[in-house]
Amino acid sequence: MPRPCAGVFFVRIPFVKKILLANFAECPENLHFERAFVRALGKTGKISLDIVHDFDYHYDFLGALPPRVGKRFKYAGLEALKKAAAGPYDLIVLLDFPKRARCAPAFLWLAREAAAGKKVFIANHLIPMPGHNFTADLARRLKALALVDSGYMLESDDWGLWADAGLEEPRLLKRGYAVDCEYYRRQPGALGTYVFSAGSAGREFSALAGAAKNTGLGLKIFSDAKAQKLPRGVEFLPLAKNLHNLRSAAAGAKAVVIPVRDGYLNEAAGNSIAFLSMALGRPVLARRTPYMERFIKDGKNGFFYDKLSPRSLAAGLARIKALTPAALKKLGAAARATILQKASLDRFCAAFIKKTI
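Residues numbered from 1 in each chain as written. Predicted model: local features only at pLDDT ≥ 70, side-chain atom pairs only at ≥ 80, totals over all residues. Heavy atoms only, no water.

A. Structural context of the state of the cysteines. By the definition in use, this model includes zero disulfides. Note on Cys27: no disulfide assigned, nearest cysteine sulfur contributed by Cys103 at a separation of 13 Å. With no disulfide of its own, Cys181 lies 11 Å from the sulfur of Cys349, the closest cysteine sulfur. (Disulfide = S-S within 2.5 Å.)

In structure tokens form, the structure reads like this:
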């Protein structure tokens, strides 16, 4: 074996894996996922991450985390993407279906033609119903996900709609809903004297208004549902226009209540507000369902109501008001610990990277 010449040094260059994350569905939840994905890659220099996004709104209140190695750039058409994302990549991750039809060609190219060692689809939302999303409809027509190696759907989703898009078992995996526990962490400051509630699907706020009044607490609501008849003094604000205020509103509340109509079919309704509030260490009062019982242990890390009525909700609020500061702190710590263990985006992303890369 020839010896190196004097004065010549050989440097071992570590193998760098290249990943592309396609984040075409503009919404805060997907920017939260992107942040957690960047964090999960950590400080390793052996991974280069490129992120292509289609966000028109900046979401500065969240703060995008640029990858340590790689680039983050805005989608500017398929041909520009082919140049900017020159592969091949070791892994392409498709996060949700694009919100805008302009991204459909890029999504289909990435799913079917782009060079990559492996391709994975991750759903961060329920699959759009037929007629609700152009790219999802096109994907079902073309079975566009037939060539991806695997895909993750939310556990409560309709697997049949995923099969229509070409993603079937055993390549179709399930994941739980999760929140950004780094962003939603316990906040310093005194608690307010109000109840906070948020969300739109299946919500009924009139019973909560009556319960809050009966317990002497104010009520603040963020919702895009049709305004309901509520007593004077209730603060009712649109949710979509107050996402930058969501964390502080939940963190400063005496209690967070998710009033879902009795008999509403989706057992997980309200889980996003419940989980982020628990991550903040706030006491949550939620509808008792088999799904929610997996996360909330009544009296230990949150509370349940059995019937949506002013009387039932007032009884739950009275239990929260009766907590001593020490008991409230203990319950809040237990609530956050539950979400860190069972519904953390960082935990999911770390496990995904360990399994996939």
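B. Region of interest: helix α3 (residues 104-112). Burial of α3 is extensive: seven of the nine residues sit out of reach of the surface. Inspection of α3 places Ala104, Ala106, Phe107, Leu108, Trp109, Leu110 and Ala111 among the buried residues, and these make up the whole buried set. Summarising the contacts, the buried residues of α3 are in contact with β1 (17-23), α2 (78-84), β4 (89-95), β5 (116-122) and α4 (134-142). (Buried < 20%, exposed > 50% of the residue type's maximum accessible area, 1.4 Å probe, protein only. Helix = DSSP H or I, 4+ residues; strand = E, 2+ residues; numbered from the N terminus. Contact = heavy atoms within 4.5 Å.)

C. Geometry of the nonpolar core. Judged by nonpolar contacts, the single largest core of 62 residues is most densely connected at Phe196, Leu246, Phe275, Val284, Leu285, Leu313 and Ile339. No other element matches the six residues that helix α8 (residues 271-279) contributes to this core. Residues Ala85, Cys103, Leu161 and Leu172 belong to the second largest nonpolar core, which totals 36 residues. (Core = buried A, V, L, I, M, F, W, Y, C linked by side-chain atoms within 4.5 Å.)

D. Inspection of the sheet that holds β1 at higher detail. Strand order in the open sheet formed by seven strands is β3-β2-β1-β4-β5-β6-β7, and the pairing between neighbours is parallel. Looking at strand neighbours, the two that pair on one side only are β3 (72-74) and β7 (172-175), the edges of this open sheet. This sheet shows a mean twist of 20 degrees between the axes of neighbouring strands, independent of strand direction. Looking at chain direction, β1 and strand β2 (residues 47-53) are connected through seven bridges and run parallel. Its bridge partner lying in β2, Asn23 is registered against His53. Across the face of the sheet, helix α1 (residues 28-41) comes into contact with β1, β2, β3, β4, β5 and β7 while running at roughly 170 degrees to β1. Sitting on the sheet, α3 touches β1, β4 and β5, and the angle it makes with β5 is about 125 degrees. (Pairing = 2+ DSSP bridges. Axes fitted to C-alpha atoms, helices over the stretch in contact; angles between N-to-C directions.)

E. Region of the structure containing the packing of α1 against helix α11 (residues 345-356). Orientation of α1 relative to α11, taken along the N-to-C sense of each, is 55 degrees, at an axis distance of 8 Å. Judged by the inter-axis angle, α1 sits oblique to α11. Classified by chirality, the crossing of α11 by α1 is right-handed. Residues His32, Phe33, Ala36, Phe37, Arg39, Ala40 and Leu41 of α1 pack against Leu345, Asp346, Phe348, Cys349, Ala350, Phe352 and Ile353 of α11. When grouped by side-chain class, the residues that make up the contact of α1 with α11 number eleven nonpolar, one polar and two charged. (Parallel < 35°, antiparallel > 145°, perpendicular 65-115°, else oblique. Left-handed = near helix turned anticlockwise from the far one by under 90°. Nonpolar A, V, L, I, M, F, W, Y, C, P; charged D, E, K, R; others polar.)

F. Summary view of unusual backbone geometry. Note that the residue after Glu169, namely Pro170, is joined by a cis bond; omega there is 5 degrees. Looking at the secondary structure, you find Pro170 in the loop between α5 (159-164) and β7. Phi is positive for Tyr59, close to 50 degrees, though the residue is something other than glycine. On the secondary structure map, Tyr59 appears in the loop between β2 and β3. Notably, Lys143 is not glycine yet its phi reads approximately 50 degrees, a positive angle. Here Lys143 lies in the loop between α4 and β6 (150-154).

G. Expanded view of the side chain of Arg282. Relative to the helices and strands, Arg282 resides in the loop between α8 and β12 (284-287). Here Arg282 is buried and forms no salt bridge, its nearest opposite-charge partner Glu235 lying at an N-O distance of 16 Å. Polar contacts involving the side chain of Arg282 include one to the main-chain carbonyl oxygen of Ala253, which spans 3.0 Å. (Lys, Arg positive; Asp, Glu negative; His and termini not counted. Salt bridge = Lys/Arg side-chain N within 4 Å of Asp/Glu carboxyl O. Polar contact = N/O pair within 3.5 Å; in protein donor to acceptor, adjacent residues only side chain to side chain.)

H. The arrangement of the packing of aromatic side chains in detail. If you walk through the whole model with that rule in mind, you get 22 aromatic pairs. Measuring from ring centre to ring centre gives 4.8 Å for Tyr183 and Tyr184, while their planes differ by 90 degrees; the resulting arrangement is edge-to-face. Assessed through its relative accessible area of 5%, Tyr183 is described here as buried. Here the aromatic cluster, defined as three or more aromatic residues joined through ring pairs, consists of Phe33, Phe37, Tyr152, Phe348 and Phe352. Lying across the ring of Phe348, Arg175 places its NZ or CZ 4.5 Å from the centre. It is Arg247 that lies over the ring of Tyr183; its NZ or CZ is 3.9 Å from the centre. (Phe/Tyr/Trp six-rings, centres within 6.5 Å; stacked < 30°, edge-to-face > 60°. Lys NZ or Arg CZ within 6 Å of the ring centre and 35° of its normal.)

I. Representation of the pairing of β12 in the model. Relative to β12, strand β11 (residues 255-258) runs parallel, the two sharing three bridges. Across the sheet, residue Ile258 finds its bridge partner in β12, namely Ala286. As for the winding sense of the linkage, the β-α-β connection from β11 through α8 to β12 is right-handed. As paired elements, β12 and strand β13 (residues 303-305) share three bridges and run parallel to each other. Directly across from Leu285, in β13, lies its bridge partner Phe303. (Right-handed = clockwise from strand over helix to strand, strands pointing away.)

Honestly, it's all geometry; don't read function into it.
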